[in-house]
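# Structural characterization, general
Now for the letters of each chain:
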Amino acid sequence: MRYAYKGDRLKPLRAFCQAVRLGSVSRAAEALFLSQPAVTLQLQALERDMGARLLERSGRRLVMTREGEALYELARPLVEGFEGLDTAFREQLRGLDAGELHVAAGSSTILYLLPEIVAAFRAAQPGVRLNLHNVTGAGGLELLRSDAVDLAVGSMLDVPADLDYAPVARFEPMLITPPDHPLARKKDLDLHDLSPYGLILPPQRLTTYRMVDLVFQRNRVPYTVALEVGGWEVIKQYVAMGLGISIVTAICLTEADRNRLASRSLAAWFPERTYGVVVRKGKYLSPQARAFTELIRPDLFVRTGYDATGHSER
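All of these numbers come straight from a predicted model, not from anything done at the bench. (Residues numbered from 1 in each chain as written. Predicted model: local features only at pLDDT ≥ 70, side-chain atom pairs only at ≥ 80, totals over all residues. Heavy atoms only, no water.)

### Thoughts on helix α12 (residues 232–240)
- Restricting attention to buried positions, one finds in α12 the residues Trp232, Ile235, Lys236 and Val239. Down the axis of α12, the buried set is contained in an arc of 100°. They therefore lie on one face.
- Lining the buried residues of α12 we find α7 (107–113), β7 (173–177), β8 (199–201), α11 (207–218) and β10 (246–249).
- Trailing α12 by a residue or two, Gly242 shows a phi angle of about 85°, which is positive. (Buried < 20%, exposed > 50% of the residue type's maximum accessible area, 1.4 Å probe, protein only. Helix = DSSP H or I, 4+ residues; strand = E, 2+ residues; numbered from the N terminus. Arc of directions from axis to C-beta. Contact = heavy atoms within 4.5 Å.)

Structure representation (structure tokens):
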């Protein structure tokens, strides 16, 4: 009986992965079009075969044990690869002449980092429909986890355990002021010098605001926020109008800003911001997704250990 079960291990592994992803046996059963008792039996059989407890209840949700986490790390790519086999086969035959690619990115990434990459991708793959989803960082991660997008491009400070992040570019933190501002002419700049002037920052929920607050708090330097507004272009415009000063990432500064803004590095106090590619751990990327990341950095898969022969389940 034990030997016969091993010949059909995919079903209990699918049940296990769905239970982990959805947090309950009942939801896993609905997703698999099975009865709840059938899924329960599959999970029990899997635990017997592995000789370990894989799931336990925490409130209303099922959570993985340490052994469950180890198995999930191994099982998810196998299950997703098998379920996406038919799509992978069709796209392998079709190659890159057709299909879709969904990429999540924030406004600054779409505006400053991706234009040349998008132009090169469109020239190289004219038959592929590229969909850029303009979302904040949290929104992009939600789309990744639900497989609504193939990958995300943006900046991350903390990388969740279920995601892989490959940084590809680094940008300095910069103080921007009007050209005639006292801080623009000050020879030696200290963090305390910013205190008398109101800051124009993105909304509090975004990473930039949280980072600015953290640095000032750690250095015990008081600061004031004159205005919260979304979008680097809006912030630059308001700074140029003399409504305040700001701390931005160098990615947003262009040649056109030289005449209307003064900028200087704040790298002595604020960390660099990296921008890179984010994928769901264990996800098989489509040929279209791999072609896109190759334009960002050719050695991306090699350096992050992604499976370059893999495929998205899309």
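Still more ground to cover, so stick around.
### Brief notes about the side chain of Ser246
- Note on placement: Ser246 falls in strand β10.
- When its relative accessible area of 0% is taken as the criterion, Ser246 is described as buried.
- Of the polar contacts made by the side chain of Ser246, one reaches the backbone oxygen of Ile200; its length is 2.6 Å.
- With residues up to four places along the chain from it excluded, the contact list for Ser246 reads Met174, Leu175, Ile176, Leu199, Ile200, Leu201, Ile235 and Val239. (Polar contact = N/O pair within 3.5 Å; in protein donor to acceptor, adjacent residues only side chain to side chain.)

### Section: the packing of aromatic side chains
- Under the criterion given, the structure shown has five aromatic pairs.
- Between Phe121 and Phe292 the ring centres are 5.5 Å apart and the planes differ by 75°, which places this aromatic pair in the edge-to-face class. Taken as a pair, Phe121 in helix α8 (residues 115–124) and Phe292 in helix α13 (residues 287–296) lie far apart in primary sequence, 171 residues in all.
- Relative to Phe270, the ring of Phe216 has its centre 6.1 Å away and its plane inclined at 65°; by these criteria the two rings are edge-to-face. Of the two residues, Phe216 sits in helix α11 while Phe270 sits in the loop between β11 (262–265) and β12 (273–280), which places them 54 residues apart along the sequence. By the burial criterion, Phe216 is buried, and Phe270 matches it. (Phe/Tyr/Trp six-rings, centres within 6.5 Å; stacked < 30°, edge-to-face > 60°.)

### Considering the packing of helix α3 (residues 25–32) against helix α4 (residues 36–50)
- Put simply, α3 and α4 touch, their axes get as near as 8 Å, and they point 105° apart. It follows from the interaxial angle that α3 and α4 lie roughly perpendicular. Here Val25, Ser26, Ala28, Ala29 and Leu32 of α3 lie close against α4, whose contacting residues are Gln36, Val39, Thr40 and Leu43.
- Across the contact of α3 with α4, the residue classes break down as six nonpolar, three polar and no charged. (Axes fitted to C-alpha atoms, helices over the stretch in contact; angles between N-to-C directions. Parallel < 35°, antiparallel > 145°, perpendicular 65-115°, else oblique. Nonpolar A, V, L, I, M, F, W, Y, C, P; charged D, E, K, R; others polar.)

### Here's the deal with the pattern of salt bridges
- Under the criterion given, the structure shown has eleven salt bridges.
- When the shortest N-O distance is used, the salt bridge between Asp162 and Arg145 registers 2.7 Å. You can see Asp162 sitting in the loop between β5 (151–154) and β6 (163–171) and its partner Arg145 sitting in helix α9 (residues 137–145), a full 17 residues away along the chain.
- Residue classification places Asp162 among the partly exposed residues on the basis of a relative accessible area of 24%. (Salt bridge = Lys/Arg side-chain N within 4 Å of Asp/Glu carboxyl O.)

### Considering the sheet that holds β10
- Strand order in the open sheet made by the three strands is β10-β7-β11, with antiparallel pairing throughout. Only two strands of the sheet have a single neighbouring strand rather than two, namely β10 and β11. Within the sheet, the average angular offset between the axes of one strand and its neighbour, ignoring direction, is 35°.
- As defined by bridge partners, β7 adjoins β11 across four bridges and the pair is classed as antiparallel. Of the residues in β11, the one forming a bridge with Met174 is Ser265. (Pairing = 2+ DSSP bridges.)

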